[in-house]
Amino acid sequence: MNTIRVKILEPDLTAKLRLAAASHGRTMEEEARSILHEHFKESAPIGGMGDRMHARFAAIGGIELELPSRAGAPRFATFD
């Protein structure tokens, strides 16, 4: 296991950590570890970028796009 050390912590933040630890029956170190674990816990990825974009727009009702026909041969892009 690795060890980290926080050298300067604001007094009000220390007091909040101490109160949270006491309310959960933990030491301040255990409480900090629990907070870090909760914040960085791994969640199942929802897929690639397309899946993430779909999930974001689906949440607001989605969007319908008209897709171009793919009947012809591919063309080079022109930048006139």
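As the structure is a prediction and not an experimental result, all values here were calculated from the model.

The rules behind each value
- Residues numbered from 1 in each chain as written.
- Predicted model: local features only at pLDDT ≥ 70, side-chain atom pairs only at ≥ 80, totals over all residues.
- Heavy atoms only, no water.
- Helix = DSSP H or I, 4+ residues; strand = E, 2+ residues; numbered from the N terminus.
- Buried < 20%, exposed > 50% of the residue type's maximum accessible area, 1.4 Å probe, protein only.
- Salt bridge = Lys/Arg side-chain N within 4 Å of Asp/Glu carboxyl O.
- Contact = heavy atoms within 4.5 Å.

S.K.: How would you explain the overall build of the protein chain if you had to name every residue and give the values?
M.R.: When helices and strands are tallied, the protein chain shows three helices and zero strands. When the helices and strands of the protein chain are listed from N to C terminus, the series reads α-α-α. Oriented by its inertia axes, the alpha-carbon framework of the protein chain measures out at about 70 × 30 × 25 Å. In the protein chain, which comprises 80 residues, the proportion classed as buried is 5%.

S.K.: Tell me about the pattern of salt bridges, and please be specific about residues and values.
M.R.: Applying the stated criterion to the full structure yields three salt bridges. Glu31 is the partner of Arg26 in a salt bridge, and the nearest nitrogen-oxygen pair spans 2.9 Å. Linking Glu29 and Arg33 is a salt bridge whose minimum nitrogen-to-oxygen distance equals 2.8 Å. Of this pair, Glu29 and Arg33 both sit in helix 2 (residues 28-40), four residues apart, which is roughly one turn of that helix.

S.K.: Could you give an account of the environment of Ile60, with specific residues and numbers?
M.R.: Among the structural elements, Ile60 can be located in the segment after helix 3 (49-58). Judged by relative accessible area, which is 67%, Ile60 ranks as exposed. For Ile60 and Ala20, which are 40 residues apart along the polypeptide, the C-alpha to C-alpha distance reads 37 Å.

S.K.: Please set out the side chain of Thr14 residue by residue, giving values where relevant.
M.R.: Tracing the backbone shows Thr14 in helix 1 (residues 11-23). Judged by relative accessible area, Thr14 falls into the buried class, the value being 18%. Setting aside anything within four residues of it in sequence, one finds Thr14 in contact with Leu9 and Met28.

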